[in-house]
Each structure stands twice: as structure tokens, then as C-alpha cells.
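Coordinates in review
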Amino acid sequence: MATAPPKPNETAARHKALLVDSSAEINQLLANLFDHREWDVAIVKNNQEALESARRQTFDLIITSERTSGQEDVQLLRRLRIVRPHTRLIILTDEFVPGDVLAAIRERAFSYFAQPFSTEKFEEIIRTAMEEPYWDDGIEILSATPNWVRLAVRCEVATANRLIQFYREASDLPDAETEEVATAFREILLNAIEHGGKFDPRQHVEVSYVRTKRMILCKVKDPGKGFSLEELRHAALDNPPEEPFRHMEEREARGLRPGGFGILMSQKLVDDLLYSEKGNEVMLIKYLDRKESEE
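Residues numbered from 1 in each chain as written. Predicted model: local features only at pLDDT ≥ 70, side-chain atom pairs only at ≥ 80, totals over all residues. Heavy atoms only, no water.

Each helix and strand counted, the protein chain has 11 helices and 11 strands in total. Burial statistics for the protein chain: of 295 residues in total, 46% are counted as buried. For the protein chain, the share of sequence-separated contacts (at least 6 apart) that also reach a separation of at least 24 residues comes to 64%. (Helix = DSSP H or I, 4+ residues; strand = E, 2+ residues; numbered from the N terminus. Buried < 20%, exposed > 50% of the residue type's maximum accessible area, 1.4 Å probe, protein only. Contact = heavy atoms within 4.5 Å.)

A separate point is the pattern of salt bridges. Inspection of the entire model under this criterion finds 14 salt bridges. Of the charged contacts, one joins Arg-37 and Asp-35 as a salt bridge, the two residues approaching to 2.9 Å between their closest N and O atoms. The class for Asp-35 is partly exposed, based on a relative accessible area of 25%. Between Lys-286 and Glu-180 there is a salt bridge, and its shortest N-O distance comes to 2.7 Å. Highlighted residues: Lys-286 in strand β11 (residues 281-287) and Glu-180 in helix α8 (residues 175-196), separated in sequence by 106 residues. What makes Glu-180 partly exposed here is its relative accessible area of 27%. Several salt bridges converge on common partners, so that one network encompasses Lys-121, Arg-168 and Glu-179. (Salt bridge = Lys/Arg side-chain N within 4 Å of Asp/Glu carboxyl O.)

Assignment of secondary structure puts Leu-18 in strand β1 (residues 15-20). With relative accessibility at 0%, the residue Leu-18 sits in the buried group. In this structure, the C-alpha to C-alpha distance between Leu-18 and Asp-40, residues 22 residues apart in sequence, is 8.6 Å. Those residues within four positions of Leu-18 in sequence are excluded, and the remaining contacts are Ala-42, Val-44, Ala-50, Ser-53, Phe-59, Leu-61, Ile-62 and Ile-63.

Another point: the sheet that holds β1. Judged by pairing direction, the sheet is parallel, and its five strands sit side by side in the order β2-β1-β3-β4-β5 without closing on themselves. Edge positions in the sheet fall to β2 (39-44) and β5 (111-114), since each has one partner strand and no second. On average, each strand axis in the sheet is inclined to that of its neighbour by 15 degrees, with strand direction left out of account. The sheet contact formed by strand β4 (residues 88-93) and β5 spans four bridges and is parallel. Bridged to Ile-91 within β5 is Tyr-112. Contacting β1, β2 and β3 (61-63), helix α3 (residues 47-56) runs over the sheet at an angle of about 160 degrees to β1. (Pairing = 2+ DSSP bridges. Axes fitted to C-alpha atoms, helices over the stretch in contact; angles between N-to-C directions.)

Examined bridge by bridge, β1 and β2 share six bridges and lie parallel to one another. Each residue of the ladder has a partner; that of Leu-18, found in β2, is Ala-42.

Attention now goes to helix α7 (residues 157-170). Given a rise of 1.5 Å per residue, 14 residues ought to cover 20 Å, and the 20 Å separating the end C-alpha atoms of α7 matches this to within 8%. Counting buried positions over the 14 residues of α7 gives 12, a clear majority of the element. Of the residues making up α7, those classed as buried are Ala-158, Thr-159, Ala-160, Asn-161, Arg-162, Leu-163, Ile-164, Gln-165, Phe-166, Tyr-167, Arg-168 and Glu-169. (Expected span 1.5 Å × (residues − 1).)

What follows is about the packing of aromatic side chains. Overall, the coordinates contain six aromatic pairs when judged by the stated rule. Aromatic side chains Phe-113 and Phe-122 sit 5.0 Å apart centroid to centroid with 70 degrees between the ring planes, which places their arrangement in the edge-to-face category. Here Phe-113 and Phe-122 have matching classes, each one buried. Aromatic side chains Tyr-167 and Phe-185 sit 6.2 Å apart centroid to centroid with 85 degrees between the ring planes, which places their arrangement in the edge-to-face category. (Phe/Tyr/Trp six-rings, centres within 6.5 Å; stacked < 30°, edge-to-face > 60°.)

Attention now goes to the layout of surface pockets. As a volume, the largest pocket reaches approximately 530 Å³. Considering the residues around the largest pocket, the lining is formed by 21 residues, among which Leu-102, Pro-146, Val-149, Ala-170 and Tyr-209 are closest to the centre. Counting residues per element, the ones that place at least two in the lining of the largest pocket are α5 (100-106), β7 (148-154), α7 and β8 (204-211). Ranked by residues supplied to the lining of the largest pocket, first place goes to α7 with four residues. (1 Å grid on protein atoms, 1.4 Å probe; cavity = no way out; pocket = protein on both sides within 12 Å on 5 of 7 lines; lining within 4 Å. Points joined across faces, edges and corners; volume = space filled by probe spheres on them.)

Within the largest apolar cluster, 54 residues are counted, with the highest numbers of intra-cluster contacts made by Leu-163, Phe-185, Leu-189, Val-205, Val-207, Val-220 and Leu-284. Broken down by element, the residue count for this core peaks at nine residues, all from α8. Excluding anything up to four places from it in sequence, Val-207 contacts Val-149, Arg-150, Leu-151, Val-153, Leu-163, Phe-185, Leu-189, Lys-219 and Val-220. Formed by 19 residues, the second largest nonpolar core is a distinct cluster that contains Leu-33, Phe-34, Phe-122 and Ile-126. (Core = buried A, V, L, I, M, F, W, Y, C linked by side-chain atoms within 4.5 Å.)

Structure, rendered in C-alpha cells:
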């Protein structure tokens, strides 16, 4: 006699999340995100209780409370790394403090959010944290000062999305300009990861971020052999005005992901987009408002 197939949560290992108690709004948001058929969710009052719980058992994901500062959460992360080095921790804080984002990257936080933040992007990062199989060597700081940061970024889409979230939080530009730079930066980064790194997690893209009084510069260098802009038949940049989607046929023939609008869109979002002669280095430049730069 045939037996009914087991339910998914009877055969697969259940995941464990630990939440530091937040506002009622954040608690409800998180409660709606976790599928309780697959996840066991525990809530603790503060960071000290979170550390004690993590010492007793392993959690797949820990999310801090916006009631604590980023500095306090980074300190928790340092102590957590001693006992649970691979735990994904998302820092949620009420106020951004310069330097906290770099500290979070150094200590290998999964992500960082300061109030106010986009609920949609918060949900996206949490889902990535739930699904990403390995992650904690994905972003490495090569050198860093407050205005000049160099990173090595693993050639994966999820890692690129994590980096862009760190950028959003570190940016002190108005929201609209922050999103313009973030969108252009992400498109160029994904192009480097796809075409230069071939989505190979063993490969890394080198990223530089420079902030001066008058401009923001993002430089992306991929590990590939480079290309010429004249060769980009798979990009919308090469389309004649009367055939705005011609590149889609070329992308399909090459087996590339849908898209190809990245360079064209990035050109419209920033002030300058410069390629090296070899084609494997790109600079995005966004000039700041003169009045703002003189403050």
C-alpha cells in the first residue's frame, strides 16, 4: 500500500533565525517574511541575549534591532565571529554614523540598513540571506579611507546586490542621486561580473569608490580580457534608433541573460562613463552640486 509523501519540513533541515526585538512595525514585517514551515524564529531582548543564544546553538540568520547603534551591532558581530564565524548577520540601526558601514564590511556583516530604509530592499536582502549558500568571503576590503575605498567583489549577482546596499547606506547624497549612482553602479558591476568574471565565484572584480568635494567616482575592473565598445552588438548601446531592441537577438544567440540596456542606462544616470583602452575597466563619475560641495 502506497504511503503519502512526507511533508517538505519533515525531510529538509529546518532553518533558524534569531531576531533582536525591534519596533512593532519591524517585528511584523519580519514575521511576514519567514515561512514558518521552513524556519524556526526566536526573538531576544537585546544584543547580549543574542550572543548568549548564538553560543548555545547555531542560527542561519541574525537580524539586529534598530534600537541599537551600528557601532553596538558591529561589536556584537566581532564577538559573534569568535563562536559562530559563518553566521549571516544583518545590521539594522536607527541612525547612520560615518564609518559604521566600512566597519560592518570589515567584520563581514551580510548587510546594513539605517532608518529610514526601503522596505522592498530590506525584504530583498533578507530573502537573499535565506537563499545564499555561501557568502562570507564575497566582499573584501583591500584598502580604505573615509573618502577612498578599494574592494574585491566575488563574481556573483547576490554579492553585487549586497555591495550596492552597503553603498546606499554609506552615501550621503540626496535620495534621488544616491539611487541614480546605485543603479548605474550596479549595472556596470553586473556587466563586469557577467562578461569579465563569467559568473565564476572563484573570480573577483576590483571596485574603487572615491568621494571628493565635487564628485563621486566609481571604478570597476573585471578579471576578463576586455573588449571594444564597437564589439558590443549584445548591448542596446549599439542599436540604431529605428531598431531599439536589435541587440536582444544577439543576446539570445549568445545565450546571455535578458538585458543589455545597462551601459545605455548608466550613461543617462551619471555625468561621465569612461572605458579603458582594453575595455575591462570602467569609471562612473557623478558631479556634485557646486553649492553643496562648498558647504
